[in-house]
Amino acid sequence: MGAIIYQKAEAEPWPLPREVPRIYVQMVRPQDESVAEIWYSSNAVRYESTGTTTIAHDGEYLFVATGFTEKGDQLEVQTERLYLETFRLLDRLAYTTICRIWNYVPEVNQDDRNGHERYKVFCSGRSKAFTQYFPEADTEFSAATGIGSMGGDVGVVFLAKKAGEVIHLENPEQTPAYFYPEQYGPRSPSFARATYARSQVGRGYHIFVSGTASVIGYESVHQGDITRQVETSIDNINTVVSAINLNAYGINSGHGAHSLSSVKVYIRHERDFATVKALCERHCPNRPIAYLHADICRSDLDVEIEGVAYGEDRPSVPATLRDYFTLQTARNARKPAYIYLDENGEECDQISFLLLRHKVFNIASCLQRRFKKGDKLVLAYSPGIEFVIAYYACILSGLVVIPIPAGDQVETEYTLQKIQLVAETLDGGFAVLCDDDTKRRVGERSLPDIEFLTLGDLWDKHQKSFEFIAVERDDIATLWIASDSAGDAKVVSLSHDDLVEKARAEIENWDYTSQSVSVSCVPHYRYLGLVFSMILPICNGTTTILMAPGAFVRPQTDWLRAISHYRATHSIVATSGYEACVARLTNMQDMEVSGF
Ligand code: 3EB
């Protein structure tokens, strides 16, 4: 289908049939032979070309070889233009899911005329193209390599897919590149750590592993120590393709660096070749490995490794709430998970499934440092997205959540009473996770030995690793404590299984599909509210519009307007809410509720 040819500037072009897409990359030391990376297909391949771009496609995959000769100091705009043109091309040929991108940029660590490092300039152009072309999904990227060639043109290769399942993978030990802090460039690099692509037919899949360097969290580690850089890169690859990580995306398989094919190793210094070869041969034995002479895009690192894993699998069956969360946030990454509307019906907060996953992993890893599986946490939140993050961070850490009412629609006194009831019933042994406002209003008046934490107190931007705690189906996920008429405390606890079963039953009852959009006006701290606005959407990958309490009783009915505006298919409201809406409804003009 196509070729990437690594050869010296003065070498004769590698002989290939005229129509085959290819780029030539200068990454070979004077004493080494050229290397040809050839992509084959067992299907019939069609070839096309437009200008400097050549294309091959086989009905499943599309291979694009493209690039540009730089004109003056135009790297950023030329990159942006090349990406935009390629996105249009992929749309035109209907291979719309990108699986893998290779970017070869000469003098990648040099500064341009304005004193900006060319890698960062390249990242800006690439990121602008993504934001412009995919304004709704500018956090979702495929596996990629961004690396410095030793001269020649900028070369870019895209591998895209027509249909079938594609899942972009992150490494829990590494910050997603999209969230790198500003010191790594004004616009963050656009890539995921790996991309899983399932074949259109059969059970086969490929996992394209990105260029992987010695980066932990977002920081380069082991600068100047080539051995430890190779080992950290290998560790990173082992983690991203491990069974534990793949399972967290609903992929029923596992790999390691030892099972990679088409391994390429980029090495900055000639003096390191022998050391790196010895290490790579030990970690990936009996595999052909290409060793290339290249500049690593992070100027403080000296090596980067990539490869492809493949095999066959069956879709895995999620069991616990934790399984559903990891699966659906991966499958629906680019979709909005939650949209929060304030008292005026205005959109004031929104989070995609991908960002939700990232925030939940971060908070969960912080919770895991302070609490152990089975510990109990009271969650005192006003309605909104913060509660969702806190709730799932606890669920993924095996913590038991006790949701209680809080926020400006709830009397401080009432929240306080609830906390005291929990304290009496459980005899201590819990902490309170709450929003800033609740901490301020309730925290200082509460019992002295109860700890109040906010997501801000926990959030750690240096978060390094997230551990997948083993959670069983009958582990307790949530419990409620209420006092009955006799004044005795009554404890109701629900397991992962109870909540998942209830959500599954409601999905079936009400014909929810993953395309459903639901508007929720029920309190998240009650059983039904929790099921319909927290559990069901995550089990199902459904977008949920959360409304500030009381919205449905206002004149002109913001509730109905939200259903119309977001083309909602489902909504959960108390019966009194429907009645209030109907009573006040004067005008159905401009309302589109046919999907509801
Ligand atoms: C890193 O982890 C190392 O800009 O496309 C690895 C893979 C790296 C892809 C890219 C950069 C790219 O940040 C660098």
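Here the structure is a predicted model, which is why all the values come from computation and not from measurement.

**Student:** So what's going on with the overall build of the chain? Residues and values would help.
**Tutor:** When helices and strands are tallied, the chain shows 15 helices and 29 strands. Over its C-alpha trace the chain gives a radius of gyration of 27 Å, about what one expects of a compact globule, namely 25 Å for 596 residues. Dimensions of the chain, computed from C-alpha atoms along their principal axes, come out at roughly 90 × 55 × 50 Å. The proportion of buried residues among the 596 residues of the chain is 57%. Within the chain, contacts between residues at least 6 apart in sequence are counted, and of these 74% link residues at least 24 apart. A total of about 25100 Å² of accessible surface is found on the chain, and carbon and sulfur atoms cover 48% of it.

**Student:** Mind laying out the pairing of strand S27 (residues 517-520), listing which residues take part and the relevant values?
**Tutor:** By the alternation rule, side chains of S27 split into Val-517 and Val-519 and Ser-518 and Ser-520, which are all buried. After leaving S27, the chain enters helix H13 (residues 527-540) and then returns to the sheet as strand S28 (residues 543-547), a path that is right-handed. Where S27 lies against strand S29 (residues 570-572), 3 bridges are found, and the strand directions are parallel. Bridged to Val-519 within S29 is Ser-571.

**Student:** How would you explain the side chain of Thr-195 if you had to name every residue and give the values?
**Tutor:** In this structure, Thr-195 sits in strand S11 (residues 194-198). Judged by relative accessible area, which is 0%, Thr-195 ranks as buried. Within the structure, the side chain of Thr-195 is placed 2.8 Å from the backbone nitrogen of Ala-143, a separation counted as a polar contact. Setting aside chain neighbours within four positions, we find Thr-195 in contact with Cys-99, Ser-142, Ala-143, Val-166, Ile-167, His-168, His-206, Ile-207 and Phe-208.

**Student:** Outline the site of the ligand, listing residues and values.
**Tutor:** Around the ligand there are 13 residues in total, and Tyr-119, Arg-126, Tyr-180, Arg-193 and Gly-211 lie nearest to it. Take Gly-146: an N or O atom from its main chain is 3.4 Å from an oxygen atom of the ligand. Arg-193 is positioned with one of its side-chain polar atoms (N or O) 2.9 Å from an oxygen atom of the ligand. Relative to its free-state accessible area of 360 Å², the ligand is covered by the protein chains to the extent of 99%. Secondary-structure elements contributing two or more residues to the shell around the ligand are helix H2 (118-133) and strand S8 (143-149). Top element by residues in the shell around the ligand is S8. It accounts for 3 residues.

**Student:** For a nonpolar patch on the surface, give the residues involved together with the corresponding values.
**Tutor:** A surface patch of nonpolar side chains, about 430 Å² in accessible area, is lined by Trp-14, Tyr-24, Ile-38 and Tyr-40. Mapped onto the elements of the fold, Trp-14 is located in the loop between strand S1 (2-6) and strand S2 (22-25). Among the residues examined, Trp-14 registers a relative accessible area of 31% and is labelled partly exposed.

**Student:** Provide a residue-level description of unusual backbone geometry, including the pertinent values.
**Tutor:** Here Ala-94, not a glycine, exhibits a phi torsion of approximately 65°, which is positive. When you line up the elements, Ala-94 lands in the loop between helix H1 (75-93) and strand S7 (97-106). Of note, the phi angle at Asn-286 is positive, near 55°, even though the residue is not glycine. Topologically, Asn-286 is positioned in the loop between helix H5 (273-283) and strand S16 (289-293).

**Student:** Can you tell me about the environment of Phe-596, naming the residues and giving the values?
**Tutor:** Residue position: Phe-596 is located in the segment after helix H15 (575-584). Its relative accessible area of 40% is what places Phe-596 among the partly exposed residues. Between the C-alpha atoms of Phe-596 and Gln-174, which are 422 residues apart in sequence, the distance is 41 Å. Leave out the neighbours within four places in its chain, and Phe-596 touches Ile-563, Ala-568, Thr-569, His-570 and Ser-571.

**Student:** Can you tell me about the nonpolar core, naming the residues and giving the values?
**Tutor:** Soluble, globular proteins show a tendency: their nonpolar side chains are buried together. Counting residues in each nonpolar core, the largest one holds 65 residues, and the members touching the most others are Ile-4, Tyr-6, Met-27, Tyr-83, Tyr-104, Phe-208 and Tyr-266. With 8 residues, H1 is the largest single contributor of residues to this core. Those residues in contact with Tyr-6, other than ones at most four positions away along the chain, are Val-25, Met-27, Val-28, Ser-34, Val-35, Glu-37, Tyr-104, Lys-264, Tyr-266 and Leu-292. Core analysis: the next-biggest nonpolar cluster, separate from the first, contains 60 residues, Phe-353, Cys-366, Val-500 and Val-531 among them.

**Student:** Give a detailed account of the sheet that holds S27, specifying residues and quantitative values.
**Tutor:** Hydrogen bonds along the backbone pair up the strands of a sheet, which may run parallel or antiparallel. If you walk across this open sheet you meet the 5 strands as S20-S19-S28-S27-S29, and the pairing is mixed. A strand with exactly one partner marks an edge of an open sheet, and here the two such strands are strand S20 (347-352) and S29. On average, each strand axis in the sheet is inclined to that of its neighbour by 15°, with strand direction left out of account. The pairing of S27 with S28 spans 4 bridges and is classified as parallel.

**Student:** Now, about H15: what can you tell me, with residues and values included?
**Tutor:** Along H15, the residues that are buried comprise Gly-577, Ala-580 and Cys-581. Buried residues along H15 cover an arc of 100° about the axis, so they all sit on one side. Among the exposed residues of H15, those oriented more than 90 degrees off its buried face are Thr-575, Glu-579, Val-582 and Ala-583.

How each quantity is defined
Residues numbered from 1 in each chain as written. Predicted model: local features only at pLDDT ≥ 70, side-chain atom pairs only at ≥ 80, totals over all residues. Heavy atoms only, no water. Helix = DSSP H or I, 4+ residues; strand = E, 2+ residues; numbered from the N terminus. Rg over C-alpha atoms; globule rule 2.2 N^0.38 Å. Buried < 20%, exposed > 50% of the residue type's maximum accessible area, 1.4 Å probe, protein only. Contact = heavy atoms within 4.5 Å. Areas by Shrake-Rupley, 256 points an atom, 1.4 Å probe, with all protein chains shown as cover. Right-handed = clockwise from strand over helix to strand, strands pointing away. Pairing = 2+ DSSP bridges. Polar contact = N/O pair within 3.5 Å; in protein donor to acceptor, adjacent residues only side chain to side chain. Near = heavy atom within 4 Å. Patch = residues over 30% accessible without salt bridge, like charges linked within 9 Å, V, L, I, M, F, W, Y side chains within 5 Å. Salt bridge = Lys/Arg side-chain N within 4 Å of Asp/Glu carboxyl O. Core = buried A, V, L, I, M, F, W, Y, C linked by side-chain atoms within 4.5 Å. Axes fitted to C-alpha atoms, helices over the stretch in contact; angles between N-to-C directions. Arc of directions from axis to C-beta.

Don't take any of this as a statement about function, it's just geometry.
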